[in-house]
Amino acid sequence: MALTGRDREQDGVSRQYLYLRVAEDLRGKIASNVFKAGEAIPTQQALMARYDVSRVTAQRALETLRSWGLIDEGGRGRGSRVVDAAPKTLAQRVAVAFTAQHVSLDVWSLTTEKLSKIVAQQVEDIESGVARPPESIRARVLLPSLDVDYRLPWLISDRADPRPVRRLRGLIKTYARQLEHSLLAAAEYRRVPTVRVEIRCMPALPLQKCYILNESVALTSFYRVQKNKVRERGDSVPMEIFDLVSGSEVFTWEPSATGGSERAYFDQLRQLFDSCWSNVAEPMDLGE
């Protein structure tokens, strides 16, 4: 894929985003095992010749692959090597999802604390010109209802104390607002033509978070019930509670993956989300 001057003009691709085109093409070659784990990725000079781009563009393309967790830093006397065929972390997966022309996010979680920060960074990269803006973003976010007295979390010394649940409600609302603001900001900056964000809630606490990205990959992670020391507010006395805490592991499910069980699990996750979204969930009021 050589990006000649004529190609750039015909494709309407800004020079600003050429590095991302190169990185996306290399990512595709890594995913299809053209470049296998442990093999060297082409050098800057080789990328310049292969894609007809400048040294700066080639360098930024390699930096992008590193940010996605696909290649290592390289070492003395050698270039970077492929470390994995796919991103592993949520941040890496979301970054890859945002390189698509049309981005979709279906999210079911306890709060959107981690995701709101990741999306804010993606939107900042779009606004600053570091990342190419997609043509559209659609997000459906499913969270616990704010008017339910949940059995978790609870204060270890007094299960009837309302503060732990009150704190949870505050976290749900705060990070949902932040996520909504970040996504809508992409439209306000006039970088992304179409942005649709819908946040709904249902009267249940999820024990497993789920992210379905671009209808092509699902990421899941389990919550654990464990002791946690928290504050309801910054100036509050610490509370020791039993809390739902997110694990660090992220499990990946893809419909195109080899093996019927993995594809079946992806389909089950999508059907579960869609059924709850359509039949149970209600619009969430994020007002004061």
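Looking at the overall build of the protein
Moving on, step 1. Of regular secondary structure, the protein possesses eight helices and nine strands.
Moving on, step 2. Put simply, the protein has 288 residues, and 43% of those count as buried.
Moving on, step 3. The long-range share in the protein, meaning contacts at least 24 apart out of those at least 6 apart in sequence, stands at 68%.
Moving on, step 4. Accessible area for the protein stands at about 15000 Å²; split by element, carbon and sulfur atoms hold 47% of it.

Remarks on the environment of Arg140
Moving on, step 1. Inspection of the secondary structure puts Arg140 in strand S2 (residues 136–144).
Moving on, step 2. Accessibility expressed as a relative area gives 17% for Arg140, which makes it buried.
Moving on, step 3. Taking the C-alpha atoms as reference points, Arg140 and Val197, separated by 57 residues in sequence, lie 6.2 Å from one another.
Moving on, step 4. Arg140 has contacts with Leu105, Asp106, Val107, Glu198, Phe273, Asp274 and Trp277, leaving out every residue within four places of it along the chain.
Moving on, step 5. A polar atom in the side chain of Arg140 sits 2.9 Å from the side chain of Asp106.

A look at the packing of aromatic side chains
Moving on, step 1. Under the criterion given, the structure shown has four aromatic pairs.
Moving on, step 2. When the centroid spacing of 5.5 Å and the interplanar angle of 65° are considered together, the rings of Trp154 and Phe242 count as edge-to-face. Of this pair, Trp154 sits in strand S3 (residues 154–155) while Phe242 is found in strand S7 (residues 239–246), placing the two residues 88 residues apart along the sequence.
Moving on, step 3. On the basis of relative accessibility, which here comes to 25%, the residue Phe242 falls in the partly exposed class.
Moving on, step 4. Seen from their ring centres, Phe222 and Phe251 are 6.2 Å apart, and the 65° between their planes marks the pair as edge-to-face.

Describing the nonpolar core
Moving on, step 1. Counting 40 residues, the largest nonpolar core has Phe98, Leu105, Ile137, Leu183, Leu213 and Met284 as its most contacted members.
Moving on, step 2. Considering every element that reaches this core, the biggest residue donor is helix H7 (residues 163–188), with seven residues.
Moving on, step 3. Ranked by size, the runner-up nonpolar core spans 21 residues in total, among them Ile30, Ile41, Val53 and Leu70.

Considerations on unusual backbone geometry
Moving on, step 1. In this structure, Pro153 follows Leu152 across a cis peptide bond, with omega equal to -5°.
Moving on, step 2. Structurally, Pro153 can be placed in the loop between S2 and S3.
Moving on, step 3. For Asn214, which is not glycine, the phi torsion reads 55° and is therefore positive.
Moving on, step 4. Note that Asn214 resides in the loop between strand S5 (208–213) and strand S6 (217–230).
Moving on, step 5. With a phi close to 55°, Glu215 is a non-glycine residue in the positive phi region.
Moving on, step 6. When you line up the elements, Glu215 lands in the loop between S5 and S6.
Moving on, step 7. Relative accessible area serves as the criterion here: at 49%, Glu215 is assigned to the partly exposed category.

What about the pattern of salt bridges?
Moving on, step 1. As enumerated under the stated definition, the model contains 15 salt bridges in all.
Moving on, step 2. Between Glu113 and Lys117 there is a salt bridge; the shortest N-O distance is 3.6 Å. Here Glu113 pairs with Lys117, and both are found in helix H6 (residues 113–128), just four residues apart, close to one helical turn.
Moving on, step 3. Here the salt bridges do not stand alone but share partners, grouping Asp106, Arg138, Arg140, Glu215 and Asp274 into one network.

Digging into the pairing of strand S4 (residues 194–202)
Moving on, step 1. Note: S2 against S4, nine bridges, orientation parallel. Looking at S4, one finds that Val141 is bridged to Ile199.
Moving on, step 2. Sheet topology note: the S4/strand S9 (residues 282–283) ladder contains two bridges and is antiparallel. From the neighbouring strand, Cys201 faces S9, where its bridge partner is Glu282.

As for helix H2 (residues 18–31)
For an α-helix, 3.6 residues make a turn, and residues three or four places apart therefore share a direction.
Moving on, step 1. For H2, with 14 residues, the first-to-last C-alpha span of 20 Å sits near the 20 Å given by 1.5 Å per residue.
Moving on, step 2. Among all positions in H2, only Leu18, Tyr19, Leu20, Arg21, Val22, Ala23, Glu24, Asp25, Leu26 and Ile30 are buried.

Focus on the confidence of the model for the protein
Moving on, step 1. Per-residue confidence for the protein averages 86 on the pLDDT scale, and 90% of its residues sit at or above 70.
Moving on, step 2. Of the regions scoring below 50 in pLDDT, residues 1–13 engages in 24 contacts with residues more than four places distant in sequence or in other chains.

Regarding the side chain of Lys209
Moving on, step 1. Inspection of the secondary structure assignment puts Lys209 in strand S5.
Moving on, step 2. With no salt bridge to any partner, buried Lys209 finds its closest opposite charge in Glu113, at an N-O distance of 8.0 Å.
Moving on, step 3. One polar contact links Lys209 to Ser246, side chain to side chain, over a distance of 3.1 Å.

Notes on the packing of helix H5 (residues 90–97) against H6
Moving on, step 1. Put simply, H5 and H6 touch, their axes get as near as 10 Å, and they point 40° apart. Classed by the angle they form, the pair H5 and H6 counts as oblique. Crossing of H5 over H6 shows right-handed handedness. Contact residues: H5 offers Leu90, Ala91, Val94 and Ala95, while H6 offers Lys114, Leu115, Ile118 and Gln122.
Moving on, step 2. Partitioning the contact of H5 with H6 into residue classes produces six nonpolar, one polar and one charged.

Rules of the game
- Positions within a chain are numbered from 1, following the residues in the order the chain's sequence is written.
- It should be noted that, the model being predicted, local features are given only for residues of pLDDT at least 70 and side-chain atom pairs only at 80 or more, the latter also being counted only at that level, while totals for whole chains, interfaces and linings use all residues.
- Side-chain metrics rest on all non-hydrogen atoms present in the structure, leaving aside hydrogens and water.
- Under the DSSP-based scheme used, a helix requires at least four consecutive residues in state H or I and a strand at least two consecutive residues in state E, with every element numbered from the N terminus.
- Note on classification: 1.4 Å probe, protein chains only; a residue is buried when its accessible area is under 20% of the maximum for its type, exposed when over 50%, partly exposed between these limits.
- The criterion used for residue contact is that any of the two residues' heavy atoms lie within 4.5 Å.
- Only the protein chains shown count as cover for residues, with accessible areas throughout obtained via the Shrake-Rupley method and a probe of 1.4 Å.
- Two N or O atoms count as a polar contact when they lie within 3.5 Å, although within protein this holds only if one can serve as hydrogen donor and the other as acceptor, and sequence-adjacent residues are included solely when both atoms are side-chain atoms.
- The rule is short: rings of Phe, Tyr and Trp, with Trp giving its six-membered ring, pair when the centres are within 6.5 Å, and they are stacked under 30 degrees, edge-to-face over 60, tilted in between.
- Each nonpolar core is a collection of buried residues, namely Ala, Val, Leu, Ile, Met, Phe, Trp, Tyr and Cys, held together in the definition by side-chain atoms within 4.5 Å.
- Every case where a carboxyl oxygen of Asp or Glu lies within 4 Å of a side-chain nitrogen of Lys or Arg is listed as a salt bridge.
- Note: two strands are recorded as paired if DSSP finds a minimum of 2 bridges between them.
- Given the number of residues in a helix, its expected span is that number minus one, multiplied by 1.5 Å.
- Note: pLDDT gives the predictor's confidence per residue, expressed from 0 to 100.
- Only four residue types enter the tally: Lys and Arg on the positive side, Asp and Glu on the negative side, with His and both chain ends excluded.
- Axes here refer to lines fitted to C-alpha atoms; in helices the fit is confined to the stretch in contact. Angles between the N-to-C directions go from 0 to 180 degrees.
- For classification purposes, angles smaller than 35 degrees are called roughly parallel, those larger than 145 roughly antiparallel, those between 65 and 115 roughly perpendicular, and all remaining angles oblique.
- Note on convention: the crossing is left-handed when the near helix lies turned anticlockwise from the far helix by less than a right angle, right-handed when the turn is clockwise.
- Residue polarity follows a fixed list, in which Ala, Val, Leu, Ile, Met, Phe, Trp, Tyr, Cys and Pro are nonpolar, Asp, Glu, Lys and Arg are charged, and the others, Gly among them, are polar.

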